[in-house]
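Fold and contact review
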Amino acid sequence: MATADHQAELTRAGANINSSWSRFTYYVRRYPLGAAGALIVIAFVVIAIFAPFFATLDPTTTNARTSLAPPGGQHFLGADFMGRDMWSRIVYGARISLMVGIGSTVLGCFFGVIIGLLSGYYGGWLDLITQRFIDIMQALPLLVMALLMAASLGPSLENTIIAISIPIIPHVARVIRSNTLALREMPYVEAAKAVGMSETKIAFRHVLPNTIAPLIVLGTAQLGSAILTEASLSFLGLGVPEPHPSWGRMLSESAAEYVRTAPWLVIFPGIAISLAVFGTNLLGDAVRDILDPRQRS
Amino acid sequence: MRKTTTLAVAAVGVFAAATLPAFAQKSGGILKVQHRDNPASLSVHEEATVSVQMPAMPIFSNLVLFDQQKKLQSVDSITPELAKSWAWDDSKTKLTFKLEEGVKWHDGKPFTAADVKCTFDLLLGKSKDRLRKNPRAIWYRNVKDVTVNGDAEVTFVLEKPQPSLLTMLASGYSPIYPCHVNAATMRTKPIGTGPFKFVEFKGNESITLARNENYFRKGLPYLDGIEFKIIANRSTRMLSFVSKDFDMTFSSDVTIPLLKDVKSQAPDAICELHPQYVSRNLIVNEKSPPFDNPKVRRAMALAIDRQAFIDILTEGQGSKGGAMLPSPEGQWGMPKEVMEKMTGYGPDVAKNQAEAQKIMTELGYSASNTLKTKISTRNIAIYRDPAVILIDQLKKIFIEAELEVVETSLWHAKVARRDYTVGMNLTGVGADDPDVNFVENYSCKSERNYTQYCNPEAEKLIDQQSTEADVNKRRELVWKIEALLNEDVARPIIYHDKSNHCWHPHLKGFVTHHNGIYSNWRFEKVWLDK
Amino acid sequence: MATYIIRRFFLMILTLIGMSILIFVMLRLVPGNISDILFDAAGMVNEADKARLEAELGLDKPIIVQYWTWISGLMTGDLGYAYVSEKPALDEILPRIPVTAKLALLALIFSVLIGVPLGVISAVKQDSILDYSLRVFSLSGLSLPSFWLALLILMAFVHYFGWIPIYTDKPASIWHEIGLLSIPALAVGFRASALIMRLTRSSMLEVLRQDYIRTARAKGASTASVNYNHALRNAVLPVITIIGIEAAFLIGGLIVTETVFNIPGVARFLVEAIRWRDYPIVQNLVMFIAVVTVVVNFLVDMAYVLLDPRIKYDD
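Just so we're clear, the structure is a prediction, and the values are computed from it rather than from any experiment.

Side note on a nonpolar patch on the surface
A cluster of nonpolar side chains, namely Ile6(C), Phe9(C), Phe10(C), Ile13(C), Ile17(C), Ile21(C), Val25(C) and Leu29(C), defines an oily patch on the protein surface of about 740 Å² accessible area. Look at Phe9(C) and you get partly exposed, because its relative accessible area is 37%.

Observations concerning the domain arrangement of chain C
All names here are of chain C. Domains assigned within chain C are domain 1 (2–90) and domain 2 (95–307). Each partner contributes to the roughly 2,400 Å² buried at the junction of domain 1 and domain 2, and carbon and sulfur atoms together form 76% of this total. The three residues of domain 1 that bury the most area against domain 2 are Met12, Leu16 and Leu27, which together make up 22% of that side's buried surface. Inspection of the region where domain 1 meets domain 2 yields 6 residue pairs in polar contact (both at pLDDT 80 or more). When residues of the side of domain 1 that touches domain 2 are traced back to their parent elements, those giving at least two are helix 1 (2–29), helix 2 (34–41), helix 4 (63–75) and helix 5 (89–93). For the side of domain 1 that touches domain 2, the element with the highest residue contribution is helix 1, accounting for 13 residues. Class assignment of the residues belonging to the side of domain 1 that touches domain 2 gives a composition of 24 nonpolar, 4 polar and 2 charged.

Here we look at the packing of aromatic side chains
For the structure shown, the criterion picks out 32 aromatic pairs over all chains. Seen from their ring centres, Phe157(C) and Trp163(C) are 5.5 Å apart, and the 65° between their planes marks the pair as edge-to-face. Residue Trp163(C) is classed as partly exposed on the basis of its relative accessible area of 41%. Taken together, Phe97(B), Phe120(B), Trp139(B), Tyr140(B), Phe156(B), Tyr173(B) and Tyr518(B) form an aromatic cluster joined through their ring pairs. Stacked on the ring of Tyr442(B), the Lys or Arg Arg491(B) has its end atom at 5.5 Å from the ring centre.

Structural notes on the interface of chain C and chain B
Reports of interface size often rely on the accessible area that becomes lost once the parts have come together. On the chain B side, the residues contacting the 45 residues of chain C number 46 residues. Counting each side, the surface lost to burial between chain C and chain B is near 3,800 Å², with a carbon and sulfur contribution of 51%. At the surface where chain C touches chain B, the tally comes to 6 salt bridges. Measuring nitrogen to oxygen at the nearest pair gives 3.2 Å for the salt bridge that ties Arg130(B) to Asp49(C). For the pair chain C and chain B, the number of links is 14 residue pairs in polar contact (both at pLDDT 80 or more). Taken together, the elements giving at least two residues each to the side of chain C that touches chain B come down to helix 2, helix 3 (47–56), helix 8 (146–161), helix 11 (223–260) and helix 12 (266–276) of chain C. Looking at the side of chain C that touches chain B element by element, the count peaks at 6 residues for helix 2 of chain C. Here the side of chain C that touches chain B is built from residues that sort into 23 nonpolar, 8 polar and 14 charged.

What about the sheet that holds strand 9 (residues 196–202) of chain B?
Residues and elements named next belong to chain B. With respect to topology, 4 strands assemble into an open sheet ordered 2-11-10-9, the strand pairing being mixed. Each having just a single partner strand, strand 2 (30–35) and strand 9 make up the two edges of the open sheet. Between one strand axis and the next, the sheet turns by 15° as a mean value, whatever way the strands run. Both strand 9 and strand 10 (residues 206–211) contribute to a ladder of 6 bridges, which runs antiparallel. The residue of strand 10 that forms the bridge with glutamate 200 is threonine 208.

Topic: the sheet that holds strand 12 (residues 270–284) of chain B
All names here are of chain B. Strand order in the open sheet formed by 5 strands is 14-13-15-12-16, with mixed pairing between adjacent strands. Each edge of the open sheet is held by one strand with a lone partner, namely strand 14 (399–406) and strand 16 (493–503). Taken pair by pair, the neighbouring strands of this sheet meet at an average axis angle of 30°, ignoring direction. Sheet topology places strand 13 (residues 371–378) next to strand 14; 8 bridges connect them, and they run parallel. Note on strand 14: the bridge partner recorded for leucine 371 is isoleucine 399.

Here's the deal with the pattern of salt bridges
Applying the stated criterion across every chain yields a total of 50 salt bridges over all chains. For the salt bridge of Asp419(B) with Lys414(B), the shortest nitrogen-to-oxygen distance reads 3.5 Å. The network of salt bridges with shared partners includes Glu46(B), Arg132(B), Arg187(B), Glu56(C) and Glu86(C).

Observations concerning helix 12 of chain C
Burial analysis of helix 12 of chain C places 10 of its 11 residues in the buried class, the great majority of the element. Listed in full, the buried residues belonging to helix 12 of chain C are Val266(C), Ala267(C), Arg268(C), Phe269(C), Leu270(C), Val271(C), Glu272(C), Ala273(C), Ile274(C) and Trp276(C).

Examining the nonpolar core
Among the nonpolar cores identified, the biggest contains 289 residues, and Phe97(B), Phe156(B) and Phe523(B) are the most heavily contacted of them. The element contributing the most residues to this core is helix 13 (residues 279–307) of chain C, with 12 residues. With residues up to four places along the chain from it excluded, the contact list for Phe156(B) reads Leu63(B), Thr93(B), Lys94(B), Leu95(B), Phe97(B), Val116(B), Phe120(B), Val143(B), Asp145(B), Val146(B), Leu165(B) and Leu169(B).

A short note on the interface of chain A and chain C
Opposite the 45 residues of chain A that make contact, chain C presents 51 residues. Interface area, chain A with chain C, both sides summed: about 4,200 Å², of which 72% is carbon and sulfur. Of all residues in chain A, Ile136(A), Leu148(A) and Phe235(A) bury the most surface against chain C, accounting for 14% of the area lost on that side. On inspection of chain A and its partner chain C, the count reaches 1 salt bridge. Among the ionic pairs, Arg198(C) bridges to Asp285(A), the shortest N-O distance being 2.7 Å.

Notes on the domain arrangement of chain B
Residue and element names in this part refer to chain B. Per the domain assignment, the segments of chain B are domain 1 (25–225 + 504–528) and domain 2 (275–498). Each of domain 1 and domain 2 has a C-alpha centre, and these two points are 32 Å apart. Taken together, the contact pairs 23 residues of domain 1 with 28 residues of domain 2. Between domain 1 and domain 2 lies a buried interface of about 2,000 Å² when both sides are counted; carbon and sulfur atoms form 58% of it.

Notes on the packing of helix 7 (residues 142–153) of chain A against helix 1 of chain C
Each pair of packed helices can be summarised by the angle the axes make with each other and by the distance between the axes. As a packed pair, helix 7 of chain A and helix 1 of chain C sit with axes 8 Å apart at the nearest point and diverge in direction by 35°. In contact with Met145(A), Leu148(A), Met149(A) and Ser152(A) of helix 7 of chain A, helix 1 of chain C contributes Ile23(C), Met26(C), Leu27(C) and Leu29(C). Taken together, the residues that form the contact of helix 7 of chain A with helix 1 of chain C break down as 7 nonpolar, 1 polar and no charged.

A look at the packing of helix 6 (residues 97–124) of chain C against helix 9 (residues 174–208) of chain C
Residue and element names in this part refer to chain C. At a closest axis distance of 3 Å, the pairing of helix 6 and helix 9 adopts a crossing angle of 35°. Handedness of the helix 6/helix 9 crossing: right-handed. Across the contact of helix 6 with helix 9, the residue classes tally to 25 nonpolar, 8 polar and 3 charged.

Digging into the pairing of strand 2 of chain B
Residue and element names in this part refer to chain B. In terms of residue burial, strand 2 counts as a mostly covered element, since 5 of its 6 residues are buried. Strand direction decides the pairing type here: strand 2 and strand 11 (residues 225–230), joined by 6 bridges, are parallel. Within strand 11, the position partnered with isoleucine 30 by the bridge is glycine 225.

Section: the environment of Leu118(C)
All names here are of chain C. By the secondary structure assignment, leucine 118 is in helix 6. Separated by 79 residues in the primary sequence, leucine 118 and methionine 197 have C-alpha atoms spaced 6.1 Å apart. In this structure, leucine 118 is in contact with Leu134, Phe137 and Met197, ignoring residues within four places of it in sequence.

Cut-offs applied
- Counting restarts for each chain: residues are numbered from 1 in the order of the written sequence.
- Naming scheme: in the order in which they are written, chains are lettered from A and ligands are numbered from 1.
- Two thresholds apply to this predicted model, a pLDDT of at least 70 for residue-level local features and 80 or more for giving and counting side-chain atom pairs, whereas whole-chain, interface and lining totals are computed over all residues.
- Water and hydrogen atoms play no part in the side-chain values, which are based on all heavy atoms of the structure.
- Like-charged residues within 9 Å of one another, or nonpolar side chains (Val, Leu, Ile, Met, Phe, Trp, Tyr) within 5 Å, are grouped into patches, provided each residue has over 30% relative accessible area and no salt bridge.
- Residue exposure ignores everything except the shown protein chains as possible cover, and the areas themselves are Shrake-Rupley values with a 1.4 Å probe.
- Here, a salt bridge means any Lys or Arg side-chain nitrogen found within 4 Å of an Asp or Glu carboxyl oxygen.
- Each residue gets one of three labels from its accessible area relative to the maximum for its type: buried under 20%, exposed over 50%, partly exposed in between, using a 1.4 Å probe on protein chains only.
- In this entry, domain limits derive from an automatic or database-based domain assignment.
- In this description, buried area is defined as the sum, over both parts, of the accessible area (probe of 1.4 Å) that is lost when the two are combined.
- Any pair of N or O atoms that falls within 3.5 Å is considered a polar contact. Within protein, one atom must be able to donate a hydrogen and the other to accept it, and sequence-neighbouring residues count only if both atoms are side-chain atoms.
- Only runs of H or I of at least four residues qualify as helices and only runs of E of at least two qualify as strands under DSSP, and these elements are numbered from the N terminus.
- Residues are grouped as follows: nonpolar covers Ala, Val, Leu, Ile, Met, Phe, Trp, Tyr, Cys and Pro; charged covers Asp, Glu, Lys and Arg; every other residue, Gly included, is treated as polar.
- Each pair of aromatic rings taken from Phe, Tyr and Trp, with Trp reduced to its six-membered ring, is defined by centres within 6.5 Å and is described as stacked if the planes are under 30 degrees apart, edge-to-face if over 60, and tilted in the remaining cases.
- We call a charge positioned over a ring when the NZ of a Lys or the CZ of an Arg lies within 6 Å of the ring centre and within 35 degrees of the ring normal.
- We call two residues in contact when some of their heavy atoms are within 4.5 Å.
- When DSSP finds two or more bridges between two strands, those strands count as paired.
- Axis angles are defined between N-to-C directions and span 0 to 180 degrees, where every axis is a line fitted to C-alpha atoms and, for a helix, only to the segment in contact.
- Buried Ala, Val, Leu, Ile, Met, Phe, Trp, Tyr and Cys residues that are joined via side-chain atoms within 4.5 Å together make up what is termed a nonpolar core.
- Should the near helix be turned anticlockwise from the far one by less than a right angle, the crossing is left-handed, and should it be turned clockwise, the crossing is right-handed.

As structure tokens, this is what we get:
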């Protein structure tokens, strides 16, 4: 329903709404920052998926002779103190960061949607209980929550994803719930009830699809912050552990020791994280502008 | 009358002499030292880390102490402290100390021989009061009793001769505690007879010490006080050292790669590279198949390329050796030709690896049929980094290992439960003596031998070297033990680490020990030339 | 309205009770306890001594008894003793709160001072080059890892001024302290300002499209007066909300900043306490943070009720 407005605008602009190309160029012109963000995100996704293709060397092979090799030659972004190729580690790191970012966002959204939907649609005691639960979870700072979760689950890639996803749940649940509350009163839901459709079916068939827009808005906004949370956890010693090449750990560990003697170890992962997060944020802003009618500019 | 042989009697006068150049020391000033983490308490007898030693040692006095002005700790560098002199009896089982008189605890109560007895009763578990943790109880396993003869004389009675007792008493880990203060108070408000009084310990922030005006050595210490500031982040520590907010870094804090950075920003800083007496080692659970097969363990011992570890992790500065710290710093290190005979220490790495490969091939492993396992280690960089290299090296002998990082606080418990197959471990040693190192880490009953290595033959040799009075004969026995541990693949030592300790040149009178990091923090003759 | 406030108040209490249970249980799910850590630090294994320490600290009692001991103590103001320092937990927590509070307040002031004007300008000059560059600037604030930003600032100071803006001495005066805190506060505030700027921008845009603004313009009010008197005042409301949300957000940012700038506040202290499994510190500190967050949110809601007559009071 949110895009309907844009469709109207497109028609007004005299564009052919059936041509996907002109639609694409419209969005690019209307949201240049968003387009740039989308480009960055797509680039990272492609690199992550085809990491073995982009990487020039194995990211875990150590080599005493190439320890701290400066950029150039075989290691064109240099090598870390274990002689591992920086470019290949950053390429594989994209995989890890995207797994953490997308994995935790999807996981958090999944549970958030279920909780928000059920609590908003059914209301009553279920709502009261879940609302308190959400209040509780939101009273804890995100990083503290992630820290406690990471400590209790133990260090591993999967557990880091879970730890980062937990604080996302209440956030998503709250938004979905308020959307559902509004949707519950919609005429088509009333109509579905009238024809005797089961409550659960209505909730998932008719209410859920209409919460997709705010969900995408939330999800893209969370993506970048999930990647940064992993970096902060790494800094505190609780992020994705070795041997996974995590950007956060690469940056936080080499920042201390090599910032002057081997700055490439600090600059490149720093650029990788900032660029990836910047891209998702740009994209997230544009998505919100497009999909969220209230905040449309 | 008991006949005594005087081994060493040192007059108080010795202290003013010798190693320090003769220029006037200035008194006063607060020494500002960096600290890396929050020590659990300041009770030396309950802890086993330099995080406690560095700020707590200035509070206390020992009976005897390794010379604070010499770089190496050895039998010859033991100097008097609360004990004026000492002597063994003829049977070499009784060690008698004559004590300083007129010494006062920081709270004003007089120090007597009874305090010495109280301290060792506490360590031997004989007193009513108990230590929460007693990590070095095993050091005194041979002490039968400590007896008091008047206020100024005390005798250690041993089961059998043990010349190394004096070495252990000279470690920073062996301060004398007062009778009149209980163990719990010692953790929070320690009382000692040392050059500095405890003032305040603000958790995660700072530890403050002030000059002890009534210190029994007149005119000492020079400093008015010491302030240890806890800075958890290493980058922040380095930056605040080069900006001269501190006089001294934390012990061994400036790693080899960091040194260049520090030197480029503070070119006149004095930095000393020294071993920490901490070895990286491999632990293998011999109860877990296929590692119950000695051949597999031998192949692993052969596959280790020690030089690669040293080159990568210490830019070539680390040293190869056995369990004891290698020469020249270590007093018990093996000569090169003895060491190179041991499994995996031969100079031809390719040959070793080929032999290891052959063993593995005979056992049916190959590039297509690898042995899959996990390498467990603590989730801290100093543990993880060597583990990553080890995994890489083991690929060559068809072992495909996956890294399992363990929440750091659970590491010892996990190893003690034998809940691991292969592990990367670090072992720190409190004093450069086989009675400390072998007994703590390889004897059957030690609480610090968490890998539970237990070989009756090694046990016998360990006991034998302990009673041996002749240093050269003892050394030969030590090398024999090293060879046996190597053969058993008990805990293959990968390398011994080195690191830097830095201070600004206006700090004078400080000497870093090069074969131990736990005993050079009395600070009584340190002064500031500002 | 009174019933609404009372209802909200009771729900707040309920939330806090739930919080206490959650944190209590979660902490005990974290593997290892203080005794494991102390013995691990001493590099030794001695089950009997370990069990004795656990008994001494009451860790061997059933979890319900432990919970009750804590809660009943809390009621009477007795927070128990910290495990590591063996000092009263209150004495450990209390002196650290003002430091963090000052830092957070300063960061909040910075973020509002940066965020609101930039948001307004960005909205008024919508789609101009200025708007785009301001948005890129604020987004870059959200994209840098906070420890990285903080470290870069420290390095720049040491490199260019030979001086490091960290807490190494006790501040001589409140101004000295504010001086020391302002640089870390700026590092935290920069991140937070991005959120405020974005929100200010979008609520300004929404308000600017409203009928009464058009009316005001039609009546001949100057653009500046319309923008700043009418629009900004109405856009303030959502900004208040985000300040409420940020109370919790800031604490997260402070953990890293306090570590890098070595500030002896509660945020870093909490991380250390988690590492030591110092239950009395973590439990009470988390409860304190929760109380602050919940109360701030409650007050924000109340402010909403008072400021916006359109809100209905049935939750």
